[in-house]
Amino acid sequence: MSDTEATPDDVRHVAELARVDLDEDEVDEFADQFADILDYFHALDEVPTVERDADLVNVMRPDEVREGLSQAEALSNADETEDGYFRGPNVS
Amino acid sequence: MSIFISEETVEGADDGPLAGTTVAVKDNISTEGVRTTCGSAMLEDYVPPYDATVVERLKDAGADIVGKTNMDEFGMGTTTETSAFGATENPVADGRVPGGSSGGSAAAVAAGEADLALGSDTGGSVRCPAAFCGVVGIKPTYGLVSRYGLVAYANSLEQIGPFGSTVEEAAALLDVIAGPDERDATTRKEGADSDYAAAADGDVDGLSIGVPTELVEGADEGVVETFYDALDQLEAQGATTHEVSLESVEYAVQAYYVIAMSEASSNLARFDGVRYGHSGGYDGNWNEVFGRAREEGFGAEVKRRVLLGTYALSAGYHDKYYKQAQDARAWVKQDFDEALSEADVLASPTMPVPPMELGESLSDPLKMYLADANTVPVNLADLPAISVPAGETDGLPVGLQLVGPAFGEETIIRAASALD
């Protein structure tokens, strides 16, 4: 038994947040695996706080109009389009 | 057991430093008009309308692209077995994996299907397959190579990197792809006028090599023996070695996976089947429709990482996992900086184990994650590293990893070329 609780309900909850459906076998398998993996992650509790001083500056450029993808190119991989727009699933 | 997912030829310019050279490109690097799947059913039919910057630079340099190579789905794996298009066999070790996630790219070079190849390295995905297939692979300093057109998995960690049969050839490909890009604001100017190929002169006289004990101790016996034989060769050519300690690397795998999974959960949210990708053609409540499309489009390892990343970032857990992982990342960086203040390069086995048998690792994800122990610290520290063939154990290739200071590509290339 692991110390971390990762119940099938936890897995279902996270799957809902992530918008990934799972079948029941996957839920059970993930619950077991997540318990082991989260247990392993617990070692991070021992990590000391370290000063993080990234020596970086923002990269800026003038905001000028430039060529991008054409509308046709941007739509070229969509399953469904309508009048030059992406078309999402029908709600009703 | 295919090396390529799509075998299409794209001819480069007539002249240039890579004229007449064939290059295989990992299938998460966008190629205009050529299908780019990321090894995923989600993107089985995705055809990018533009080239990645590195692909533009390949073409301008005269290289001919010979195909898009197999990979772990979205780069998530150490064996290339999580690909939706099936596994790739190691061309130099029968029945073994080629390593991952850029397994097809390393295999293409090892099998002679291409002179050179591009992969991407988020936690070792160039160095691991280079080691397992007996070729050279380089993970550049974060910011040396543009990620524009690389389909993101964990963008704070990943870099595109080259494979070659020799250090010099891999370095020559790095020369072509390195340098700033206005389309990737994280690129730096350091690689602009590089001549990394010229650094492959094999001169290690006076080179100081630190050996992090933590990255050697747990490794397979035959791997360790091969590693020390290679170090002996470097010493015989005038290099000196000394042991160093990187206390923080004990936490590197945990920190890496928390950060990579968290970033993945955000980056892969874009795949809902509306603008591109598998939609399933369902109607109804959008959240439910997207959930179903993503169930069908993503494989088990991708779901695992997206879910764990979502968990690590969710209310109540963010401080416990993500923030602590960032602390660990800063600690790892500090440790490497200190070790590299008293050594020119750090050396370790690239992988703690020889190539696994096909089918051996898929059932135990945590075991697969632990195989990345020697490669992930380098991504956390944003540093450059190279894997060069060190020899064999029981007929299986062993790679030696050399890590250098930020933008110290010349140093690791010079050191590695002494083993060519």
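Thresholds applied
- Residues numbered from 1 in each chain as written.
- Chains lettered and ligands numbered in written order.
- Predicted model: local features only at pLDDT ≥ 70, side-chain atom pairs only at ≥ 80, totals over all residues.
- Heavy atoms only, no water.
- Helix = DSSP H or I, 4+ residues; strand = E, 2+ residues; numbered from the N terminus.
- Rg over C-alpha atoms; globule rule 2.2 N^0.38 Å.
- Buried < 20%, exposed > 50% of the residue type's maximum accessible area, 1.4 Å probe, protein only.
- Contact = heavy atoms within 4.5 Å.
- UniProt positions renumbered as here; feature names shortened; annotations may be inferred.
- Axes fitted to C-alpha atoms, helices over the stretch in contact; angles between N-to-C directions.
- Parallel < 35°, antiparallel > 145°, perpendicular 65-115°, else oblique.
- Left-handed = near helix turned anticlockwise from the far one by under 90°.
- Pairing = 2+ DSSP bridges.
- Patch = residues over 30% accessible without salt bridge, like charges linked within 9 Å, V, L, I, M, F, W, Y side chains within 5 Å.
- Areas by Shrake-Rupley, 256 points an atom, 1.4 Å probe, with all protein chains shown as cover.
- Salt bridge = Lys/Arg side-chain N within 4 Å of Asp/Glu carboxyl O.
- Lys, Arg positive; Asp, Glu negative; His and termini not counted.
- Charge placed at Lys NZ, Arg CZ, Asp CG, Glu CD.

Caption draft 1: Structural context of the overall build of chain B. For chain B, the count of helices and strands is 13 helices and 11 strands. Its C-alpha atoms give chain B a radius of gyration of 20 Å, near enough to 22 Å, the size a compact globule of 420 residues would have. By principal-axis analysis of the C-alpha atoms, chain B measures approximately 70 × 55 × 45 Å. Sorting the 420 residues of chain B into buried and exposed places 65% on the buried side. In chain B, the share of contacts with a sequence separation of at least 24, taken over all contacts with a separation of at least 6, comes to 76%.

Caption draft 2: The UniProt feature "active site" (unreviewed entry) in chain B, seen in detail. Residue and element names in this part refer to chain B. Here, the residues flagged by UniProt with the feature "active site" (unreviewed entry) are Lys26, Ser101 and Ser125. Annotated residues spanning 100 residues; largest pairwise C-alpha distance 10.8 Å, indicating a single compact cluster. Note that Lys26 resides in strand 2 (residues 22–26). Of the residues examined, Lys26 reaches a relative accessible area of 0% and is grouped as buried.

Caption draft 3: Just the packing of helix 1 (residues 53–60) of chain B against helix 4 (residues 167–177) of chain B, in detail. All names here are of chain B. Axis separation between helix 1 and helix 4 bottoms out at 8 Å; the angle between their running directions is 110 degrees. One way to sum up the angle between helix 1 and helix 4 is to call them roughly perpendicular. For the element pair helix 1 and helix 4, the recorded crossing hand is right-handed. For the pair helix 1 and helix 4, contact is made by Val54, Arg57 and Leu58 and by Leu173, Val176 and Ile177, respectively.

Caption draft 4: Inspection of the environment of Val91 of chain A at higher detail. In this fold, Val91 of chain A is placed in the segment after strand 2 (85–86). Put simply, Val91 of chain A and Asp55 of chain A are 36 residues apart on the chain and 49 Å apart in space, counted from C-alpha to C-alpha. In this structure, Val91 of chain A is in contact with Gly284, Asn285 and Trp286 of chain B, ignoring residues within four places of it in sequence.

Caption draft 5: Main features of the sheet that holds strand 7 (residues 208–212) of chain B. All names here are of chain B. Ordered by their spatial adjacency, 11 strands build an open sheet running 1-3-2-4-6-5-10-11-9-7-8, and the pairing between neighbours is mixed. Edge positions in the open sheet fall to strand 1 (4–6) and strand 8 (240–244), since each of these has one partner strand only. Each adjacent strand pair in this sheet contributes to an overall mean axis angle of 35 degrees, direction not counted. Contacts between helix 4 and the sheet are confined to strand 4 (116–121), strand 5 (136–139), strand 6 (159–164) and strand 10 (385–393), with strand 6 contributing the most and set at about 145 degrees to the helix. Contacting strand 7, strand 8, strand 9 (345–349), strand 10 and strand 11 (396–403), helix 6 (residues 221–236) crosses the sheet at an angle of about 110 degrees to strand 10.

Caption draft 6: Looking closely at unusual backbone geometry. Note that the residue after Gly100 of chain B, namely Ser101 of chain B, is joined by a cis bond; omega there is 5 degrees. Among the secondary structure elements, Ser101 of chain B is positioned in the loop between strand 3 (64–69) and helix 2 (103–110). Here the phi dihedral of Arg19 of chain A falls at roughly 55 degrees; this positive angle occurs in a residue that is not glycine. Its location among the elements puts Arg19 of chain A in the loop between helix 1 (8–17) and helix 2 (24–41). We classify Arg19 of chain A as partly exposed; its relative accessible area is 32%. A positive phi angle, close to 50 degrees, is found at Asp83 of chain A, a residue other than glycine. The residue Asp83 of chain A is located in the loop between strand 1 (81–82) and strand 2 in this model. Of the residues examined, Asp83 of chain A reaches a relative accessible area of 70% and is grouped as exposed.

Caption draft 7: Highlighting a negative patch on the surface. Together, Asp23, Asp25, Asp28, Glu29, Asp32 and Asp36 of chain A together with Asp364 of chain B give the surface a local cluster of negative charge. Position of Asp23 of chain A among the secondary structure elements: in the loop between helix 1 and helix 2. Using a relative accessible area of 39% as the deciding quantity, one classes Asp23 of chain A as partly exposed.

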